[in-house]
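# Coordinate inspection notes
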Amino acid sequence: MDIIIEGTAIEVVDEQFNKYCTNENVRVRVDRVINGPDNLKEILTNQTSAGNCIKSLTIGEQYIIIGNKLAVKQSKLNSTKAHIPLEIKNSIKNGINLCRKKSDDEEKYWNCLYNVNTVIMTDGCLIVDSKLKFFNYF
């Protein structure tokens, strides 16, 4: 995995689109970098699995978050057709992200987020709650 951090969930980033899977994708303040760039201050999570692997994060709680950084392909922010990174398109196409339908507006929204933030692809199986004993192994 590209990035392993200890961090605190501070804000839901896609609440306007996220009607069924609440607190799934959040802005996380980086409290400690375990693996990845030392200068990380915040990350955004993008959970792409459906069902049991979606973790609803509690704002203010601490987590170990493991994931791969999504790379943004060439994109034009002022374009009418937004560009979503290939990793997300493939996950949607393969039926992994079944929690909600991706609208054009949501694609544009996430496209803007990818251009100015570190976004990592993760899921509930790669997020460790600070209340679990396993958290202390990091």
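Look above for the structure.
Now for a look at the structure at hand. Note that the structure is predicted; figures quoted are calculated from it, not measured. (Residues numbered from 1 in each chain as written. Predicted model: local features only at pLDDT ≥ 70, side-chain atom pairs only at ≥ 80, totals over all residues. Heavy atoms only, no water.)

## Focus on a nonpolar patch on the surface
Our working rule: Patch criteria: residues need more than 30% relative accessible area and no salt bridge. Like-charged residues are merged within 9 Å; nonpolar side chains of Val, Leu, Ile, Met, Phe, Trp and Tyr are merged within 5 Å. In this description, accessible areas are obtained by the Shrake-Rupley approach with a 1.4 Å probe, and a residue is regarded as covered only by the protein chains that are shown. The working definition used for a salt bridge is a side-chain nitrogen of Lys or Arg within 4 Å of a carboxyl oxygen of Asp or Glu. For helices the rule is a DSSP run of H or I covering at least 4 residues; for strands it is a run of E covering at least 2, with both sets numbered from the N terminus onward.
A cluster of nonpolar side chains, contributed by L132, F134 and Y137, occupies part of the molecular surface with about 390 Å² of accessible area. By secondary structure assignment, the location of L132 is in the segment after β6 (127–129).

## Some remarks on the pattern of salt bridges
Note the cut-off: Only protein chains enter the calculation, and the probe is 1.4 Å; a residue is then buried if its accessible area is under 20% of its type maximum, exposed if over 50%, and partly exposed in between.
On inspection of all chains with the given rule, the structure shows six salt bridges. As a salt-bridge pair, R32 and E6 come within 3.0 Å of each other at their nearest N and O atoms. One end of the pair, R32, is in strand β2 (residues 26–35); the other, E6, is in strand β1 (residues 3–12), and 26 residues separate them in sequence. The residue E42 makes a salt bridge to R27 at a minimum N-O spacing of 3.3 Å. Here the residue E42 occupies a position in strand β3 (residues 42–47), and R27 occupies one in strand β2, the gap between them amounting to 15 residues. Relative accessible area serves as the criterion here: at 35%, E42 is assigned to the partly exposed category.

## Here's the deal with the pairing of β1
Put simply, the test is: Strand pairing is assigned whenever DSSP identifies at least 2 bridges connecting the two strands.
Judged by how many residues are buried, β1 sits mostly within the fold: eight of 10 residues are covered. In this structure, β1 lies alongside strand β4 (residues 62–69), joined through six bridges in antiparallel fashion. Bridging from a neighbouring strand, E6 pairs with I64 of β4. Pairing between β1 and β2: eight bridges, direction antiparallel. Bridged to E6 within β2 is R32.

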